[in-house]
Amino acid sequence: MAVGKLVTRIQTRLGEFKLDVSLTLPTQGVSVIFGPSGSGKTTLLRAIAGLQKCDGEISFHGEDWQGTRRYRKTAQRPLAYVFQEASLFPHMSVEQNLDFAERYSLTRDHASKRSDLITLFDISHTLNRKPEQLSGGERQRAAIVRALLRQPDLLLLDEPLASLDDARKHDVLPYLEKLKNDFELPIIYVTHSAYEAARLGDYIVALDKGRVVSQGSVWDVIRDPLFPGDISREAGTIMTGTVDRIDTQWHLAYINTGSASFITVPANDLNIGDSVRLWIRASDISLSHQPLEGNSISNSLPCVIENICHDPNPALMVVRLRTSSCATLITRITRQSADQLHLKQQMTIYAHIKTAALI
């Protein structure tokens, strides 16, 4: 098995559900396990961790964790696992939880990054509190720090934002981005949210009914209109660009993506020259034969239609577009609209994107 990869070939059955997966994940960046509820995401993650016994093989960096003659228990695998619900010891303070993690660190010869992690995840004010005294976001951040103090070679995150409301999710996401950018630690991240996958992921595996239906770079998989089940409604496109200028009057940033037109987004804390990642949902793009005037949609990109195909929903069509910079956009429109616009392949069309849809 290849060194520098996590290779998984497993089968398991839980009642009527069968997981049958064969995949190879890069051991760098964030690999997202992505799928609707009941697709097998958590079962797969638990199998990688050794928490779910199954038939097959698992190896990490060329070292067998599971095979015909070997099975390494969870405690013997150099990983840390963060559950949906922050599983801090309730009778301990946050600081005591961190002490426990350091006491059972996997790597004794590496200096602890405890102070750096406490600062990175902004939990210094929580150290003397018990878990019940923390907000949901604080508990999850403390749980991630505790996991990292084990000094693992691999971090597993099982829908770490699922138990949080939208406001707390947006509070925690920047910390996860810092973790991704500041630590050279491979992460496997389970989610059913295309937003989280687009924002954090580098490599994506899409599951449905216990099988892999798509895998590859985030750029390719997230825009696939053939996502399984409820995920198909969140298909979209990721674009990268650079902040060209800031309009201080309207608090907008103009993003240069290499297309003929700039894309505007809320400026927030952006500065000129910043690199950004934009996620544009298929449902937030409309089409017309001419640029729009006198309406609230501020982004209009001239495109060429690459492909038109049927959506799983019989009322909808999926249209794949190519911008002047050769970026791909995906939009989902009604069959009626496609007929009224007389859409055809290689036709020039304008794609109109809501500013608020860009992340």
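See the structure printed just above.
Scope of this entry: the structure provided in the associated data block. Please read these numbers as outputs of a predicted model, since none were measured by experiment.

Examining the nonpolar core
Link 1 in the chain: If you look at the biggest cluster of nonpolar residues, it comprises 46 residues, and the most contacted ones within it are Phe121, Leu155, Leu176 and Tyr189.
Link 2 in the chain: Ranked by the residues each element gives to this core, the list is headed by helix α4 (residues 136-148), at six residues.
Link 3 in the chain: Every residue in contact with Phe121, bar those within four places of it in the chain, is listed here: Arg141, Ile144, Val145, Leu148, Tyr175 and Leu179.
Link 4 in the chain: Ranked by size, the runner-up nonpolar core spans 27 residues in total, among them Met239, Leu341, Leu343 and Ile349.

Digging into the layout of surface pockets
Link 1 in the chain: Its volume calculated, the second largest pocket comes out at about 430 Å³.
Link 2 in the chain: The set of elements that each furnish at least two residues to the lining of the second largest pocket consists of β6 (79-82), α2 (94-103) and α4.

A word on empty space enclosed by the protein
Link 1 in the chain: The final tally for this structure, using the stated rule, is two cavities of 30 Å³ or more.
Link 2 in the chain: Volume-wise, the largest cavity comes out at about 50 Å³.
Link 3 in the chain: Taken together, Val30, Leu157, Leu176, Leu179, Lys180, Ile187, Tyr189 and Leu200 form the lining of the largest cavity.
Link 4 in the chain: Elements represented by at least two residues in the lining of the largest cavity include exactly α5 (166-182) and β8 (187-191).
Link 5 in the chain: By residue number, the principal contributor to the lining of the largest cavity is α5, which donates three residues.
Link 6 in the chain: Its residues assigned to classes, the lining of the largest cavity comprises seven nonpolar, no polar and one charged.
Link 7 in the chain: Around the second largest cavity, the lining residues are Leu6, Leu25, Pro26, Thr27, Ser31, Leu154, Pro186, Ile187 and Ile188.
Link 8 in the chain: Elements supplying a minimum of two residues to the lining of the second largest cavity: β2 (17-26) and β8.
Link 9 in the chain: Of the residues in the lining of the second largest cavity, the class split is seven nonpolar, two polar and no charged.

Notes on the environment of Val7
Link 1 in the chain: Here Val7 is to be found in strand β1 (residues 5-14).
Link 2 in the chain: In this structure the C-alpha to C-alpha distance between Val7 and Ile297, which are 290 residues apart in sequence, comes to 45 Å.

Reading the values: the criteria
- Per chain, residue numbering runs from 1 following the sequence as it is written.
- Per-residue local features of the predicted model are confined to residues with pLDDT of at least 70, and side-chain atom pairs are confined, for both listing and counting, to 80 or more; whole-chain, interface and lining totals are unaffected and use all residues.
- To get the side-chain values, take all heavy atoms of the structure and skip hydrogens and water.
- We call a set of buried Ala, Val, Leu, Ile, Met, Phe, Trp, Tyr and Cys residues a nonpolar core when their side-chain atoms join them within 4.5 Å.
- Burial classification: accessible surface area is computed with a 1.4 Å probe over protein chains only, and a residue below 20% of its type maximum counts as buried, one above 50% as exposed, and the rest as partly exposed.
- Going along the chain from the N terminus, every DSSP run of H or I of four or more residues is numbered as a helix, and every run of E of two or more is numbered as a strand.
- Contacts between residues were defined by any pair of non-hydrogen atoms, one from each residue, lying within 4.5 Å.
- Every definition here rests on a 1 Å grid over the protein atoms only: cavities are sets of points where a 1.4 Å probe fits but cannot get out, pockets are open sets enclosed by protein on both sides within 12 Å along at least five of seven lines, and lining residues have some atom within 4 Å of a point.
- Grid points are joined across faces, edges and corners, and a volume is the space filled by probe spheres set on the points.
- When residues are grouped by polarity, Ala, Val, Leu, Ile, Met, Phe, Trp, Tyr, Cys and Pro land in nonpolar, Asp, Glu, Lys and Arg in charged, and all others, Gly among them, in polar.

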